[in-house]
Amino acid sequence: MDQITARVFRYNPQSDPEPRYDEFVLPYDKGVTVLGILRYIYDNHDGTLAFRNYHCGALICGCCQVSVNGKRMKSCNAVVGPGDTVVIEPFDRERVIRDLVVRFD
Amino acid sequence: MDQVRVDVLIIGGGGAGVRAAIEADQNGVSVALVNKGIISRSGLTPMAGYSYQAAFGHADPRDNPEVHFADTVREGRYLGDENLIWALTREAMERGLELEGYGVRFTREEGKFAQVRHPGQTYPRINRIPGRGYQMMLGLKKELARHSRIQVFEDCLVQKILTGPEGEPAGAVAFLQREGQFRLFQAKAVVLASGGYEELWEKTDTAPDSTGDGLAMAAELGAELVDLEMMLYYPIVTLGSKVFPSMHQVLQYESLLEPEYLGGKLLNGRGEEFLPPGKLPVRDVLSRLIVKERVEGRATDRGAVLIDLSKSPLGPAEMERRIEELGARVQFNRVKYLGVDLTRDPVEVAPACHYSLGGVRINERTQTSVPGLFAAGEVSGNIHGANRISGNALAETQVFGRRAGAGASLKARACREFPPIRREDAEENVRRIEGLFVRKADPLRPVQIRKKIQRIMEEEAGLIRSEPSLRRALDRLQAVKQEDLPRMQVADLRIFNYELQDAVEVGSMVEVAELVARAALLRTESRGHHFRSDHPREDEGWRKHTLLKKRGEEVLCSSAPVIRL
């Protein structure tokens, strides 16, 4: 079965001296996006992951923006292929509230 | 616990809540606006399409608010309160012009609104916002920023409305996700603008934060709730992936299927057309036609039908031209990432929850049955009836948002003093939340319980229900309440703990789910989006509201006449 590897940025500015990366291996399915991956990780692996899940999922609101392999994108529009490794980070490290959640504006 | 004291507290920062805040500020009262996410990047309004319905009569001079009123009453299957529909249809134009004043761009041609006709409308009456609900929200947000006295709290989870000595709303207790702290709000009037409850089901095209929180809080205060069985299904929504099931995308069928627009076809699993000839059906009718194909074994393996634009008589160049002209590109982009070219590939679609028709009962001043509690937008329940025509939702946010802001200001001005809050209530709520962090012997994550509730609602209280299925729903929900909720445990984190939000939402969901099942049990007929397999016909005697009211743990069920003009 095809798999996806996700390396996810984790950081709590209040308690962690340094950010770290957690690695998750997930099943692949056609059309999966980075947002789908984050929801999958939260649902099945790790409830401590901070990300913005209240989203339109339809390329509009931009609330799900993250950095995918170094490029700022709407995660609902970042398609992942079979066998891919994706590095998921906050789009602005200076404004991290926790993990992938960033202060907007 | 830090405290915020304002005249008017508004819960929910979508179209209705922001409009209410602007109005209250203009009336000179102090306002706090709290929102579960980021304003314009959460909730329901930013996800809406381009449709703002208002009878300017620019496309056809015969159109006017009376015709808009008649269309809304008829297509709501005579279940909307006519005083509210009249307010909506009479004021939608003025509120639309105000939106333009806030900087929201509508499509105009030679100065006039370029209106189009959607199903259920006698004349073309849809005024288009090319940037859709999202741009409307950005305009409102910009206007909100001009009212600098309004205190805005984002990423703020309201858990409970607190009451004064007479049981009147006197504030709320909330958790600020960014700070990881509780906040006590004290207010003279409270406006609920917290949206609907689509998330109770597995298949929705809305954001995952539409969990009925405001409805659950209103129920707890003993407010009257009306027609909760009415969940509007949008007929044409993509299925999503089996591994990543949340990815449902709404496809606006009017532009895709109407012969005068893109001329696509809707086919069953055998590739046959099944829509009756003539005008494109409105949403409840189309949803039922699709379900009929499923029930009679003519759907695809996944219980869906196919939308197919390759069968359109239009050539590729004309197709492209019309997609641009209609502003329909976004729907093509929405499925592109799945590797689907909507102009060429047939796509599986089925009905999914789209808009909460039922909700808190209001009057034309947006007062609920609890004095001092106002409601506007999707959280309210008696405007549209058993079905809603396209474009009335965005108009509703503005018309009733403004009215709620005005009503709450008046109420606050009439109160000389802040009603005293029982601090124990706030503290009890803090203890309840703290209890979620406590380690349990056999813990359940909120997401597990959420999925269970959604499964129950999908199986027993979905598009087709019956007395036996609804009774099973109530039994299964009772088991969730008694056996699962006490085991719910969240990650021990204070700053932006998504699991904590999930847990608070699950608490709302199970309460509202039970009320929905009870309301659905009460309505022994089929009307609009409520389909009972054991009562498949519309019953003249049921041209009335179902009415629910909580008193402690007891739910009082009755009915109420629809208000006629």
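Located above this text is the structure these notes cover.
Residues numbered from 1 in each chain as written. Chains lettered and ligands numbered in written order. Predicted model: local features only at pLDDT ≥ 70, side-chain atom pairs only at ≥ 80, totals over all residues.

**Quick word on helix H4 (residues 132-146) of chain B**
All names here are of chain B. Between its terminal C-alpha atoms H4 stretches 22 Å, which fits the 21 Å expected from 15 residues at 1.5 Å a residue. Every buried residue belonging to H4 is among Arg132, Gly133, Tyr134, Gln135, Met136, Met137, Gly139, Leu140, Lys141 and Leu144, and all of these are buried. Elements in contact with the buried residues of H4: helix H1 (15-26), helix H3 (82-101) and helix H10 (392-414). (Helix = DSSP H or I, 4+ residues; strand = E, 2+ residues; numbered from the N terminus. Expected span 1.5 Å × (residues − 1). Buried ≥ 20, exposed ≤ 12 C-beta atoms within 10 Å, placed from the backbone. Contact = placed C-beta atoms within 7 Å.)

**Notes on the interface of chain B and chain A**
With 33 residues of chain B at the contact, the number on the chain A side is 34 residues. Listing elements by their share of the side of chain B that touches chain A, those giving two or more residues are H4, helix H9 (329-336) and helix H14 (498-522) of chain B. Among the residues forming the side of chain B that touches chain A, the class breakdown is 17 nonpolar, seven polar and nine charged. (Nonpolar A, V, L, I, M, F, W, Y, C, P; charged D, E, K, R; others polar.)

**Considering the nonpolar core**
Residues and elements named next belong to chain B. Within the largest apolar cluster, 198 residues are counted, with the highest numbers of intra-cluster contacts made by Val8, Val191, Leu192 and Ala218. Sort the elements by how many residues they give to this core and H14 lands first, with 15 residues. Leave out the neighbours within four places in its chain, and Val191 touches Val8, Ile10, Ile11, Ala20, Phe374, Ala376, Ala404 and Ala408. (Core = buried A, V, L, I, M, F, W, Y, C linked by C-beta atoms within 7 Å.)

**Digging into the pairing of strand E2 (residues 31-34) of chain B**
Residues and elements named next belong to chain B. The alternating pattern of E2 places Val31 and Leu33 on one face and Ala32 and Val34 on the opposite face, and all of these are buried. Relative to E2, strand E1 (residues 2-11) runs parallel, the two sharing four bridges. Paired with Ile10 across the two strands is Leu33, which belongs to E2. At this point the chain moves from E1, through H1, to the parallel E2, and the crossover so formed is right-handed. Note that E2 and strand E7 (residues 151-153) share three bridges and pair parallel. (Pairing = 2+ DSSP bridges. Right-handed = clockwise from strand over helix to strand, strands pointing away.)

**Let's talk about the pairing of strand E1 (residues 3-10) of chain A**
Residues and elements named next belong to chain A. Of the pairings in the sheet, the one linking E1 to strand E2 (residues 20-27) comprises eight bridges and is antiparallel in character. Counterpart to Phe9 in the pairing with E2 is Tyr21. Of the pairings in the sheet, the one linking E1 to strand E5 (residues 85-89) comprises four bridges and is parallel in character. Counted as the bridge partner of Thr5 is Thr85 from E5.

**Some details on helix H5 (residues 213-220) of chain B**
Residues and elements named next belong to chain B. Burial runs high along H5: seven of the eight residues are buried. For H5, the full list of buried residues reads Asp213, Gly214, Leu215, Ala216, Met217, Ala218 and Ala219. One or two residues past the end of H5 sits Gly222, with phi positive at roughly 85 degrees.

**As for the environment of Ala461(B)**
Residue and element names in this part refer to chain B. Inspection of the secondary structure puts Ala461 in the loop between helix H12 (446-460) and helix H13 (467-484). Distance in space between the C-alpha atoms of Ala461 and Arg472 is 9.3 Å, their sequence separation being 11 residues. Ignoring sequence-local partners within four residues, the contact set of Ala461 consists of Ser469, Leu470, Ala473, Val516, Ala517 and Ala520.

**Some remarks on the sheet that holds E2(A)**
All names here are of chain A. Reading across from one edge, E2-E1-E5-E3-E4 is the order of the five strands in this open sheet, with mixed pairing throughout. A single partner strand is all that each edge strand has here, and the edge strands are E2 and strand E4 (71-74). Ignoring which end each strand starts from, the neighbouring axes of this sheet average 35 degrees apart. Where strand E3 (residues 65-68) and E5 come together, two bridges link them in antiparallel fashion. (Axes fitted to C-alpha atoms, helices over the stretch in contact; angles between N-to-C directions.)

**Concerning the sheet that holds strand E14 (residues 305-308) of chain B**
All names here are of chain B. The four strands are arranged E12-E15-E14-E13 in an open sheet whose pairing can be described as antiparallel. Of all the strands in the sheet, just strand E12 (231-238) and strand E13 (265-267) have a single pairing partner and so form its edges. Each neighbouring strand pair of the sheet contributes to a mean axis angle of 40 degrees, computed without reference to strand direction. Two strands pair when backbone bridges link them, and E14 and strand E15 (residues 347-356) are joined in this way by three bridges, in the antiparallel orientation. Directly across from Leu306, in E15, lies its bridge partner Glu348. Helix H7 (residues 283-295) contacts E12, E14 and E15 of the sheet and is inclined by roughly 60 degrees relative to E12.

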